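Listed here are the chains, written in short residue letters.
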Amino acid sequence: MDASSRENHGPPPGHVAVIMDGNGRWAEARGLPRSEGHRAGAEPVRTLLKCAARLGVRHLTLYAFSSENWQRSPEEIGSLFTLLARYLDSETAELLSSGVRLNAIGDLSRLPGPSLAALRDAVEALSGNEGITLTLAISYGSRAEIAQAAARLAARAAAGALPPEDIDEGLFASELWSAALPDVDLLIRTGGDKRVSNFLLWKIAYAELYFTDTLWPDFGEEDFLKAIDDFRSRERRFGRA
Ligand code: IPE
Ligand code: IPE
Ligand code: MG
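What counts, and where the lines are drawn
- Residues numbered from 1 in each chain as written.
- Chains lettered and ligands numbered in written order.
- Predicted model: local features only at pLDDT ≥ 70, side-chain atom pairs only at ≥ 80, totals over all residues.
- Heavy atoms only, no water.
- Helix = DSSP H or I, 4+ residues; strand = E, 2+ residues; numbered from the N terminus.
- Rg over C-alpha atoms; globule rule 2.2 N^0.38 Å.
- Buried < 20%, exposed > 50% of the residue type's maximum accessible area, 1.4 Å probe, protein only.
- Contact = heavy atoms within 4.5 Å.
- Near = heavy atom within 4 Å.
- Polar contact = N/O pair within 3.5 Å; in protein donor to acceptor, adjacent residues only side chain to side chain.
- Areas by Shrake-Rupley, 256 points an atom, 1.4 Å probe, with all protein chains shown as cover.
- 1 Å grid on protein atoms, 1.4 Å probe; cavity = no way out; pocket = protein on both sides within 12 Å on 5 of 7 lines; lining within 4 Å.
- Points joined across faces, edges and corners; volume = space filled by probe spheres on them.
- Nonpolar A, V, L, I, M, F, W, Y, C, P; charged D, E, K, R; others polar.

A. Local environment of the overall build of the protein chain. Looking only at helices and strands, one finds eight helices and six strands in the protein chain. Along the chain direction, N to C, the helices and strands of the protein chain fall in the order β-α-α-α-β-α-β-α-β-α-α-β-β-α. Whereas a compact globule of 241 residues would reach a radius of gyration of roughly 18 Å, the protein chain reaches 19 Å, a difference of no more than 12%. For the protein chain, the spread of C-alpha atoms along the three principal axes comes to 55 × 50 × 35 Å. For the protein chain, with 241 residues in total, the buried portion stands at 46%. In the protein chain, 78% of the contacts between residues at least 6 apart in sequence involve partners at least 24 apart.

B. Looking closely at the site of ligand 1. Taken together, 13 residues sit near ligand 1, with Asp21, Gly24, Arg25, Arg34 and Arg72 positioned nearest. Take Asp21: an N or O atom from its side chain is 2.8 Å from an oxygen atom of ligand 1. Within the contact set of ligand 1, an oxygen atom lies 3.2 Å away from a backbone nitrogen or oxygen of Asn23. Coverage of ligand 1 by the protein amounts to 87% of the 370 Å² it exposes when considered alone. Taken together, the elements giving at least two residues each to the shell around ligand 1 come down to helix H1 (23-28), helix H2 (34-40) and helix H4 (74-97). Element by element, the count of residues in the shell around ligand 1 is highest for H1, at three residues.

C. Quick look at the layout of surface pockets. What the largest pocket holds in volume is close to 820 Å³. Surrounding the largest pocket, 34 residues form its lining, Met20, Asn23, His38, Ala64 and Leu80 being those nearest its centre. Among the secondary structure elements, those contributing two or more residues to the lining of the largest pocket are H1, H2, helix H3 (42-55), strand S2 (59-66), H4 and strand S4 (133-140). Take the lining of the largest pocket: its biggest share by element is seven residues, from H4. Along the lines of polarity and charge, the residues of the lining of the largest pocket split into 16 nonpolar, nine polar and nine charged.

D. Just the site of ligand 2, in detail. Neighbouring ligand 2 are the residues Ile19, Met20, Asp21, Tyr63, Ala64, Phe65, Asn69, Arg72, Arg189, Arg195 and Ser197. In this structure, Asp21 approaches ligand 2 through a side-chain N or O atom, which is 3.1 Å from an oxygen atom. One nitrogen or oxygen atom from the side chain of Asn69 is found 2.9 Å from an oxygen atom belonging to ligand 2. When ligand 2 sits alone it has 390 Å² of accessible area, and the protein chains cover 78% of it.

As structure tokens, this is what we get:
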């Protein structure tokens, strides 16, 4: 075995994806409404983005709101989307000067108008940047993503424009909302639960998984560096002997 692969000398992950979980519990532990936990969750996003860019990570993908999160109360959903619009309005200038590009994946047609407008404005404003790509997964669920990719290919096949035998992994992946993203190298989940909750199922096929009990609003630079160190200590085999 290559000794260096067992030490902390490997390259940084090219694509880090994060399930930012635990905002509600953070707030409840302080006797605060859940929305205060979501508000407190903005600071770790800033920290993580800066730190990831510094380390040479090319893609950071954050799970901000799942398809299943639409089942939450209208108050909580409203506060989340208000916070999203506020975050984008207040951060865009800083993101612009630090070279960050912005993308969004998910069923964006369900977003409240002002949040969708803020998102589109921010994506457009940052489109000329060439640094780290921040992708926000919003109203996102992998099963919906995979089903719509299948439906689009089926429509082309039914129209006679696509021989079914031409459908391979590459073509299928090109129809996903996440088509522009490389495979995930490191998936981090905060908040103590060890599950993937319908996040990037296609792209995490060979991701290294990292779970921490730290609640998202408490997740700081040290926690992130620990996850990166852990990633660098792993030997990735991709099925090879
Ligand atoms: C993650 O925190 C943020 C979203 C899902 C939008 P939660 O709101 O799920 O917080 P917990 O898991 O209830 O503590
Ligand atoms: C996953 O967290 C979704 C986001 C972090 C946006 P959830 O809190 O919704 O996941 P479950 O319900 O614990 O699986
Ligand atoms: Mg949760």
